[in-house]
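Now for the letters of each chain:
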Amino acid sequence: MLSLPILFPVQRPLALALVFALPLAALAAPPRAASDCPAGQLKCARKPLDWGMCGKHELLDFYVAGLPTAGDRRAAPRSIEALKVESSDKDHFTLEGKAQIRQLDLFVHAQRIRYDAQTTDFEASGPVTYQDRSLLLSATGARGNTELETCTLDEVRYQLIEARGNGMAQVAIMENADQARLKGATYSTCNPSRQQWAFAARELELDRATGIGRARDVTLRIRNVPVLWFPYLRFPLDERRESGLLYPLLAYSNRRGFDYGQPWYFNLAPNYDATLTPRLMTERGLMLGGEFRYLTEHSKGELHAELLADDRGAAEERREYGTAVPSRRWWYQWQDYTQLGSNWSAVVDLNRVSDARYFEDFGRGLYSSAISLLPASAYLRGEGGWWRATFGGDQYQVTDPTLADNYEPYRRLPRATLNLDRNFGPMLEGLLDAEFVAFDKDHGITGQRLDLYPHLDLPLEAAGYFIRPSLGYRYTSYSLDDLAASGNALVTRRHPRRGVPILSVDAGLVFERQLRFGAAAWTQTLEPRAFYLRVPYRNQDELPIFDTQEVPFTFGQMFRSNRYVGADRQMDANNLTLALTTRVLEDASGAERVAASIGQIRYFDAQRVQMPGVPATDFGGSAWAGEIDLHLSKRWRLVLAQQWNPNSHRTDLSTLGLQTRFGDGGVANFSYRFRRDFLEQIDLSAAIPLADGWRLIGRENYALNNPLAQPGDPRGRKGRTLESFLGVEHDTCCVTWRVLARHWVRNAQGKADNALYLEIELKGLGSVGQQTDSFLRRAILGYQ
């Protein structure tokens, strides 16, 4: 029987060519990483497009549900039916009134069908409708042969079933089950009554066997205005990838000038591919970038690299900053995951740039200039039912030019960890956290550190209470080199060590009561919690600081056994944390409408263990920490956090966040953030619906006191804008576009930059311009 291939599968690669191919699915967005795809797939589909504004296609009115979607059509039985059947002999039939031919997924319906049983020739007169597993089609007439699966249809209109897409053709010629030719054809994902864009071709050739389509004399029309013309166009009909140009990346900024990147995709093999991206920046020069992706039975990974051989802006930056900025700029990244067996794997993530200002100057991501430390790591990882182990190393490259060399983190090479967790009986748990690290850096003391923390836990939990006692012993030893470079006169021994027992008891109760407000039923909880921690004092002044820092004080930090991250310091403690939490839950939905917590640590001994240069304290209690999360309604939410320090009688931290949702996709946010001696900011962001399909988007992040003020800055510590942007976006059934103007502080020296971004997407075809979706989701809380 006849078969009509899918014309333009939406979200699948489509290649445009004069003498080259242009894969369109990759144009819509960069190909997803191999690590994001299911096993055995190098490239997988992007997220589904939103067709909610399109409505129902008129051709769907004759859609017949329940037809098979798989199977061999030639081997399936054929049925021919009509209200009236006439035959002059046993071979020639005339079917009139709801005449139809069915065979597996094929369904042809017409007012009149003339059929030759001997030759299987048929001729159908209109209107004619056609349906198979992937396509709906209407025509004024059709003629063909069911055995040879040939058919010619006149004045065709079609609609894809499995994807959004429709069009017309003067003539459709089905040469067999796999090959077809369409003359005078169009294609669009818009509604037929309001086509904002469409492709028009003099002739289309479709070959489902090879998965390739070809078109000649092709014109892209936007609102019926010719925009692009191609003498020849080549495109895939399925998920088989095609080499060719991807959609360009466009942007403008006052540091790079006009920024144009033209990716070229190479489908090298089913399990590996590459993308080459020349990038022209009018103020900086020509950069060459590339990506190589691979997928094997046990490995998957990506290699990225960029090279600007001669940066025209480097000399100006050397004069501006008085620091060395190379003319040859580059960046590379290699990410790999290799499965070595049922329990072991290797994970590699290597990153490197030519200089500290690379991301500030050339970062594609809208937040890439905020990268201060660039990580690189390689680890062998093992995991079993009760154990986890790693062996490898990591290091960081400083990519913030304001950081001095001595701020460079230590290289941890090698580094090994072991975590054990075994049950002894129904309740008792035995655990071990172990780590060995060799620390190295160009400026500072070096050495090795062994840290062991075996502990026993006895969690006792029920619906209304929990008690979690824990008893352990932490042992840390060092083997140090170059003691004179430590910068700490107290670090005098090559093999210092520390051993200290740790006892903690975490206990809490949960009380509930039922509330009623009118017909609504609610549940309120009252959850008192106590956490006792006892860690005897051990003098740790002779221990170096390799990778340890103090955790900022928060409500959750009050229930930790150490206020430091890293093994170089273990806090001393004879503390009792008392906290109270209450929640209000909506019984009908289970949603949490109110959550409020308050707590404080009470100190029974002085806090003697500190970082170098920080004096010991003897406070009776910590700051009071409180949090409130209030869902005023389904559209309003208020979040508050406050820390009041009774020792200084001042507020240490205060945050306020207010969000409202309104209209169709509207959201507005206001936040205030204050941390004493560090920052004070307000942040306004919104996505405001203006009309059907129109939204205004914007943000203003303002520092009330300028933490970036440099000596001699006439503004001093007065406030300044850290980031602001304003834009408009328009979304319709088949077209989305967005224009965005942005001003932001690009480095810690307070230098600002301006940029303009334009993004246009023809849904189901692709997009051109800087991808801003992830940037807006990060900048505007609740943006969709």
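Computed from a predicted structure; not experimentally measured.

**Student:** I'd like a description of the state of the cysteines, backed by residues and values.
**Tutor:** With the rule as written, the count across this model stands at 2 disulfides. The partner cysteine of Cys54 in its disulfide is Cys733, sulfur to sulfur 1.9 Å. Across the S-S bond of Cys54 and Cys733 the torsion is about 100 degrees, and the bridge reads as right-handed. On the criterion of sequence distance, the pair formed by Cys54 in the loop between helix H1 (24-28) and strand S1 (78-81) and Cys733 in the loop between strand S42 (718-731) and strand S43 (735-745) is long-range, its members being 679 residues apart. On the basis of relative accessibility, which here comes to 8%, the residue Cys733 falls in the buried class.

**Student:** Could you give an account of helix H2 (residues 314-321), naming the residues involved and the relevant values?
**Tutor:** An α-helical turn contains 3.6 residues, so a residue and the one three or four places further along point in the same direction. Among the residues making up H2, those that are buried are Ala314, Glu317 and Tyr321. Buried residues of H2, viewed axially, fall in a sector of 55 degrees; they line one side. Facing away from the buried side of H2 by over 90 degrees, the exposed positions are Glu316 and Arg319. The inward-facing, buried residues of H2 contact strand S20 (329-339) and helix H3 (358-362). One or two residues past the end of H2 sits Gly322, with phi positive at roughly 70 degrees.

**Student:** I'd like to hear about the pattern of salt bridges, residue by residue, with values.
**Tutor:** Taken as a whole and assessed by the stated rule, the structure comprises 48 salt bridges. A salt bridge links Glu203 to Arg181; its shortest N-O distance comes to 3.8 Å. With Glu203 in strand S10 (residues 197-207) and Arg181 in strand S9 (residues 179-187), this residue pair connects regions lying 22 residues apart in the sequence. By relative accessible area, Arg181 is classed as partly exposed at 23%. Salt-bridge contacts for Arg411 lead to Asp440; the nearest nitrogen and oxygen are separated by 3.2 Å. Taken together, the positions of Arg411 in strand S24 (residues 411-424) and Asp440 in strand S25 (residues 428-440) put the pair 29 residues apart, joining distant regions of the chain. By relative accessible area, which is 35% here, Asp440 ends up partly exposed. Beyond isolated ion pairs, a larger network of salt bridges with shared partners links Arg255, Arg284, Asp311, Glu317, Arg329, Asp355 and Asp361.

**Student:** So what's going on with the pairing of strand S3 (residues 92-103)? Which residues, and what values?
**Tutor:** Here S1 pairs with S3 via 4 bridges, running antiparallel. Pairing of Glu81 across the sheet is with Gln100, part of S3. Pairing analysis gives 4 bridges linking strand S2 (residues 84-87) to S3, with the strands arranged antiparallel. Along S3, the bridge assignment pairs Val85 with Leu95. Linking S3 to strand S4 (residues 106-116), which pair antiparallel, is a turn of 2 residues; within it Leu104 sits at a positive phi near 55 degrees.

Rules used throughout
- Residues numbered from 1 in each chain as written.
- Predicted model: local features only at pLDDT ≥ 70, side-chain atom pairs only at ≥ 80, totals over all residues.
- Heavy atoms only, no water.
- Disulfide = S-S within 2.5 Å.
- Helix = DSSP H or I, 4+ residues; strand = E, 2+ residues; numbered from the N terminus.
- Buried < 20%, exposed > 50% of the residue type's maximum accessible area, 1.4 Å probe, protein only.
- Arc of directions from axis to C-beta.
- Contact = heavy atoms within 4.5 Å.
- Salt bridge = Lys/Arg side-chain N within 4 Å of Asp/Glu carboxyl O.
- Pairing = 2+ DSSP bridges.

Spatial relationships are all this shows, so hold off on functional conclusions.
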